[in-house]
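Here is how the chains run, residue by residue.
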Number of protein chains: 2
Amino acid sequence: MPDDGLVVGLDVGATKVWAALVAPDGRPVVRGSRTIHSNEGPDSVIASAEEAIRACLGGEHSNAEAIGVGVAGQVDPLTGAVAYAPNLAWRDVPLGKRLHDSFHVPVVVMNDVRAATVGEWRHGAGRGARDLLLVFVGTGVGGGLVAGGRLIEGASNASGEVGHSRLVAGGRPCHCPSRGCLEAYVGGWAIAARAREAIEADSHGGAALLRRAGSLDLVTAVHVGEAAHAGDPLSRLLVDETGVYLGTGVAGLVNAFNPARVVLGGGVIEGLPELIPVVAAAVRSNSQPPAAAAVTVDRTALGHDAIPVGAAEAARHALDRSSPDSWDPAPRAITPPRAFSGM
Amino acid sequence: MPDDGLVVGLDVGATKVWAALVAPDGRPVVRGSRTIHSNEGPDSVIASAEEAIRACLGGEHSNAEAIGVGVAGQVDPLTGAVAYAPNLAWRDVPLGKRLHDSFHVPVVVMNDVRAATVGEWRHGAGRGARDLLLVFVGTGVGGGLVAGGRLIEGASNASGEVGHSRLVAGGRPCHCPSRGCLEAYVGGWAIAARAREAIEADSHGGAALLRRAGSLDLVTAVHVGEAAHAGDPLSRLLVDETGVYLGTGVAGLVNAFNPARVVLGGGVIEGLPELIPVVAAAVRSNSQPPAAAAVTVDRTALGHDAIPVGAAEAARHALDRSSPDSWDPAPRAITPPRAFSGM
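Residues numbered from 1 in each chain as written. Chains lettered and ligands numbered in written order. Predicted model: local features only at pLDDT ≥ 70, side-chain atom pairs only at ≥ 80, totals over all residues. Heavy atoms only, no water.

Student: Can you walk me through the pattern of salt bridges in this structure?
Tutor: Side-chain pairs of opposite charge can arise where the charged atoms are in close proximity. On inspection of all chains with the given rule, the structure shows 20 salt bridges over all chains. Notably, a salt bridge pairs Arg212(A) with Glu226(A), separated by 3.8 Å at the nearest N-O pair. Here Arg212(A), found in helix H6 (residues 207–213), pairs with Glu226(A), found in helix H7 (residues 221–229); they are 14 residues apart in sequence, far enough to count as distant. Here Glu226(A) falls in the partly exposed class, since its relative accessible area comes to 38%. Among the salt bridges present, the one from Arg27(B) reaches Asp25(B), with a minimum N-O distance of 3.5 Å. Classification of Asp25(B) by relative accessible area gives partly exposed; the value is 45%. (Salt bridge = Lys/Arg side-chain N within 4 Å of Asp/Glu carboxyl O. Helix = DSSP H or I, 4+ residues; strand = E, 2+ residues; numbered from the N terminus. Buried < 20%, exposed > 50% of the residue type's maximum accessible area, 1.4 Å probe, protein only.)

Okay, here's the thing in structure tokens:
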């Protein structure tokens, strides 16, 4: 049967590999996943990825034109190798070559947040925008930038580390070499740290949150969100502060980049969607008037599909270099990652 | 005589109009200027601008193919009108049309910092870079971004307000609607404000700085720079802090944007070039390792010529739309401002 234009999108995370067979309109027509453990090593993870892909291809759709992969790490776009993926404990894993050897189609490998950015931009909440800032708030904070209808990659393919834009110079220590990064206030780990400090300071009463977590060491951002939803005043305060921190930091990026749309996603936003209007208000009141007037703040639309859909889209685009004007709204809108198609 | 490819570049500032006849290689071959007063009204300022242009065209070079204008304000790129220029007290001044009516050549009007960005990128310290961040630190702080070989304009032509990226959320009040902007720490007005506060607090001795300025109200960033160069400990501390503030803020933008080069200019940098290595060190130590490894920090190369050279370059590029691949290093590298060529 005709499977024209189907491309596999693959999300290689720390606990799961998640594949989807994606139609040209961005719709995932089949999905497959396998649970993995980050300590099992690249061979085992790649085998699970191949199983997840085969699960997608095993039914009525047996062909894919290409494979696009999003992986939580630094990728060499020229070779499709994963240079460094701390959550998987990978260094220099030739993921693109391995998948090409198994499936004999072009493979594009990219950073997972970059892939999610492409997915939301082309088929999700960023659709139609030529100037877009995506901010994904999970345990860490990452993002992506689209300017003038083109994905911004940066001089060393490292752009989009918006979690390490500045929020409070000299402020809270970050997991990166600096202090006072946006992530050090609004990342999941940072929300948990702020919660533990607030409980210890006991200025607003931490008993409900502590009871929910079991012990101080075990407090996470999820507990904060659940307790806030249950009405705990301290947790609600922590959530409100998180929204203002995030919006204030995003406003600084809005002033620098002047996007038409800010799209927020990631686990913290999924768990606390009430952050969106708080962020929107803080963006409006902390941006220069011309930038504030031009921007809207929205939630991601694709959820867990964003990475496979975006990785598939990037792979499709890499194949399409011969027809650069086929994209809407902007021709050659992604500077295409290179398709790995054999040695 | 053949004047092939000469374009007028014009800098309309608050105290001076500054014209140059610019060769295709970016070299200003003739310059002319007129002093103006910001309260004299648009007609008088435009007349002075026309005189400055005629001074360039009066000698051996009598022809220009186009006029490019940089003006300290918000510009409508479609009409060449200056929507708002607070330092000139202009609103909706049809500058492009007026100059076209006088000189009968296409006119491109753009924001002055954007023009300086183009000048430094194409013919100055940013030459050859495809990913570039320019930060101009004067009384205010502005800048420009080039990504993937293209000038970033933003959704409403307002990108580059890097002075209003965040440094300290909730920190010092800015002249914009927000607090804690980079400009509120390192702009000329902010250096002066910090100096006055330090003198009042008297913790490091403010007598030398106060004596130099005459009175507390009269302390400016220029006094701070001069006193620092004369060895005043308080002023040296203020300068060092300024460098760390600037570098820490720039590092946040480097993380988001991953430029190959950061170019620093403007009056504060011209007066305090010793800030460059301080900023470079702070950028290195506060950026993510892949971004830090990819970036260098340099001083602007064109000085006062940056705005006319860049405006002329933008006008030349707008005329060149028919040959988009004529630019090195990147084809169609500037999304061209529209040339105003008559009603």
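Student: Whenever I open this one, the packing of H7(A) against helix H8 (residues 233–257) of chain A confuses me. Can you help?
Tutor: A pair of packed helices is characterised by two quantities: the angle between their axes and the separation of those axes. Residue and element names in this part refer to chain A. Look at H7 against H8: their axes get within 7 Å of each other, and the N-to-C directions meet at 115°. In terms of axis orientation, H7 runs roughly perpendicular to H8. Here H7 and H8 pass one another in a crossing that is left-handed. Seen from H7, the contacting residues are Val224, Ala227 and Ala228; seen from H8, they are Ser235, Arg236, Leu238 and Val239. Across the contact of H7 with H8, the residue classes break down as five nonpolar, one polar and one charged. (Axes fitted to C-alpha atoms, helices over the stretch in contact; angles between N-to-C directions. Parallel < 35°, antiparallel > 145°, perpendicular 65-115°, else oblique. Left-handed = near helix turned anticlockwise from the far one by under 90°. Contact = heavy atoms within 4.5 Å. Nonpolar A, V, L, I, M, F, W, Y, C, P; charged D, E, K, R; others polar.)

Student: How should the interface of chain B and chain A be read in this particular structure?
Tutor: The accessible area lost on association of the parts is a frequent measure of interface size. Facing the 45 residues of chain B at the interface are 45 residues of chain A. The largest share of the area that chain B buries against chain A comes from Arg166(B), Ala256(B) and Gln288(B), three residues that together contribute 18% of it. At the junction of chain B and chain A, the tally comes to zero salt bridges. The interface formed by chain B and chain A includes 27 residue pairs in polar contact (both at pLDDT 80 or more). Secondary-structure elements contributing two or more residues to the side of chain B that touches chain A are strand E10 (141–147), helix H8 (233–257), helix H10 (275–286) and helix H11 (289–294) of chain B. (Buried area = accessible area lost by both parts, 1.4 Å probe. Polar contact = N/O pair within 3.5 Å; in protein donor to acceptor, adjacent residues only side chain to side chain.)

Student: When you look at the sheet that holds strand E10 (residues 141–147) of chain A in this model, what are you seeing that I'm missing?
Tutor: The strands that make up a sheet pair up through hydrogen bonds in the backbone, lying either parallel or antiparallel. All names here are of chain A. Strands sit in the order E11-E10-E9-E12-E13 across an open sheet of five strands; the sheet is mixed. Looking at the sheet topology across the chains shown, the edges are occupied by strand E11 (150–151) and strand E13 (296–299). Taken together, the five bridges between strand E9 (residues 132–137) and strand E12 (residues 261–265) define a ladder with parallel strand orientation. By the bridge assignment, phenylalanine 136 is partnered in E12 with glycine 265. Packing of helix H3 (residues 112–123) onto the sheet brings it into contact with E9, E10, E11 and E12, and relative to E9 it is tilted by some 130°. (Pairing = 2+ DSSP bridges.)

Student: What am I meant to see in the relation of the copies chain B and chain A here?
Tutor: Screw-axis analysis of chain B against chain A gives a translation of 0.0 Å along the axis, an RMSD of 0.0 Å, and a rotation angle of 180°. As the rotation angle and translation indicate, the two copies are arranged about a two-fold axis. Among all C-alpha atoms of chain B, that of Val168(B) lies closest to the rotation axis, at 2.0 Å. The fraction of interface residues of chain B whose copies in chain A are also interface residues reaches 100%, indicating that both copies meet through the same surface. (Least-squares fit on C-alpha atoms with pLDDT ≥ 70 in both.)

Student: Looking at this structure, how should I read the sheet that holds strand E7 (residues 90–93) of chain B?
Tutor: All names here are of chain B. Read across the sheet, three strands follow the order E5-E6-E7 without closing on themselves; strand pairing throughout is antiparallel. Two strands close off the open sheet at either side, each with one partner strand: strand E5 (74–76) and E7. Each strand axis lies, on average, 20° off the axis of its neighbour in the sheet, ignoring direction. Where E5 lies against strand E6 (residues 81–85), three bridges are found, and the strand directions are antiparallel. Within E6, the position partnered with glutamine 74 by the bridge is tyrosine 84.

These results come straight from atomic positions and should not be treated as a statement about function.
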